[in-house]
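# Working through the structure, step by step
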Amino acid sequence: MTVQELPGAAAAYRPTPPPAWQPRIDPAPLFPDPEPYRVLGTEAAAGADPELLLRLYAELVRGRRYNAQATALTKQGRLAVYPSTTGQEACEVAAALALQEQDWLFPSYRDTLAAVARGLDPVLALTLLRGDWHTGYDPHEHRIAPLCTPLATQLPHAVGLAHAARLKGDDVVALAMVGDGGTSEGDFHEALNFAAVWKAPVVFLVQNNGFAISVPLAKQTAAPSLAHKAVGYGMPGRLVDGNDVAAVHEVLSDAMARARRGGGPTLIEAITYRIEAHTNADDATRYRGDSEVEAWRQHDPIQLLERELTERGLLDDDAKQAAADAAEAMAAALRERMNADPALDPMDLFAHVYAEQTTQLREQAALLRAELDAEGEAR
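Predicted, not measured: the structure shown is a model, and the values here were computed from it.

## Quick look at the side chain of Thr183
In this structure, Thr183 sits in the loop between β4 (174-179) and α7 (186-198). Within the local environment of Thr183, its side chain forms a polar contact with the backbone oxygen of Asp180, the two atoms lying 2.6 Å apart.

## Description of the pattern of salt bridges
The full count for this structure, using the stated rule, is 15 salt bridges. Here Arg38 makes a salt bridge to Asp241, at a shortest N to O gap of 3.5 Å. You can see Arg38 sitting in the loop between β2 (12-15) and α1 (50-75) and its partner Asp241 sitting in strand β8 (residues 237-241), a full 203 residues away along the chain. The buried category is assigned to Asp241, whose relative accessible area is 7%. The shortest N-O distance in the salt bridge between Glu89 and Arg64 comes to 2.5 Å. Of this pair, Glu89 sits in helix α2 (residues 89-98) while Arg64 sits in helix α1, and the two are 25 residues apart along the sequence. Judged by relative accessible area, Glu89 falls into the buried class, the value being 0%. Classification of Arg64 as partly exposed rests on a relative accessible area of 23%. When salt bridges that share partners are traced, they join Arg64, Glu89 and Asp300 into one network.

## What about the sheet that holds β8?
Here we have five strands laid out as an open sheet, ordered β3-β4-β5-β9-β8, and parallel in their pairing. Among the strands making up the open sheet, the edge pair consists of β3 (104-106) and β8. The average undirected angle you get between the axes of adjacent strands in this sheet is 20°. Both strand β5 (residues 202-208) and strand β9 (residues 266-271) contribute to a ladder of six bridges, which runs parallel. For Val206, the partnering residue across the bridge sits in β9 and is Glu269.

## Overview of the packing of aromatic side chains
Within this structure, the stated rule accounts for six aromatic pairs. Seen in terms of ring centroids, Tyr66 and Tyr82 are 6.2 Å apart; in terms of plane orientation they differ by 80°. Their pairing is edge-to-face. Pair noted here: Tyr66 is in helix α1 and Tyr82 is in the loop between α1 and α2, with a separation of 16 residues, a long-range link. Per residue, the accessibility class of Tyr66 equals that of Tyr82, and both read buried.

Thresholds, definitions, all that
- Every residue gets a number counted from 1 within its own chain, in the order that chain's sequence is written.
- Residue-level local features of this predicted model are given only where pLDDT is at least 70; pairs of side-chain atoms are given and counted only at 80 or more, and the full residue set underlies all totals for whole chains, interfaces and linings.
- Side-chain metrics in this entry use all non-hydrogen atoms of the structure; hydrogen atoms and water are not considered.
- For helices the rule is a DSSP run of H or I covering at least 4 residues; for strands it is a run of E covering at least 2, with both sets numbered from the N terminus onward.
- In protein, a polar contact means a hydrogen-donor-capable atom and an acceptor-capable atom, both N or O and within 3.5 Å, with residues adjacent in sequence counting only if both atoms are side-chain atoms; elsewhere, any N or O pair within 3.5 Å suffices.
- By convention in these notes, a salt bridge is any Lys or Arg side-chain nitrogen within 4 Å of a carboxyl oxygen on Asp or Glu.
- Buried, partly exposed and exposed residues are distinguished by accessible area as a fraction of the type maximum, computed with a 1.4 Å probe on protein chains only: under 20%, between the cut-offs, and over 50%, respectively.
- Think of it this way: DSSP has to see at least two bridges between two strands before they count as a pair.
- Only the contacting stretch of a helix is used when fitting its axis, a line to C-alpha atoms as for every element, and angles between N-to-C directions run 0 to 180 degrees.
- Between the rings of Phe, Tyr and Trp (Trp by its six-membered ring), a pair exists once the centres lie within 6.5 Å; its type follows the angle of the planes, with under 30 degrees stacked, over 60 edge-to-face, and the other angles tilted.

Next comes the structure, spelled out in structure tokens:
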């Protein structure tokens, strides 16, 4: 029966949908858990690999020092801008360590620490923010896409690379990182839709740090969580405590393993907090109070892991000092190298813009060369 007759003097009809309206997949398994997944401080921590936890700890300590040093370099004028990830180090470190060598990382502008934890030279990671030279590193060499300043535009790129790898039969998974503000961009929708339709081997990690500059999440979306958005695209959503580095690493590793075996994409929302201002150009006191920041300091990712390791007898004072010393050595080397003025060639403006320079670009390069030569002769 395709129509329903309603009671009344005059017959009225209401068409009923044909069978095609039925869901293509069962939505129930796609929904995230009601509470963020945790490992540290729970029974699940007993099953965590001690060697992995110690490595995560060393990277967290190094990452905190890296953030502090980069922020100081900004205040000294050595960087034009630095978006700090202080308080978010667990997401950054876990993302880098969840990747296999052949995988690709697609970072946002705030994810320099993830790139450094993956093995990128800290100076090269900061080159773009210093304004010296394009990306600062070879993306193909490091399997790290350029740091992306426009919000969320790296997400479709990650899907494209992952889909291409799948078509070629390459064992590659792309991990795309984005902030909560980026989920309000159209690129976020397009990337998730294509990824799910194509079953592309890509994992989306949303670092929900509470604010898109000064805009709180409640003014961006009425969704129960950002992880719930996954259901609308036909992929699983996961909700995780973003300051629990063991939990983030586990959830990311599971999602990447699923993608690697052909299961398709996953959307992960990591609940964390941006302790520092958006950048050095932002005054965070205008939109949040000190008490809020202090409450999150009590849920610090380093302290959470340090407490777990200490209670299990895996970390003593000597090990803590060794991690701190290694981090300080990294910061000292970064400070020394960043304080050296780079040797810049103005002609580099025209390099790597196109595979083959256009006529207009060659004309501009010739004009600049003539001006530089004339200036040199005048000296």
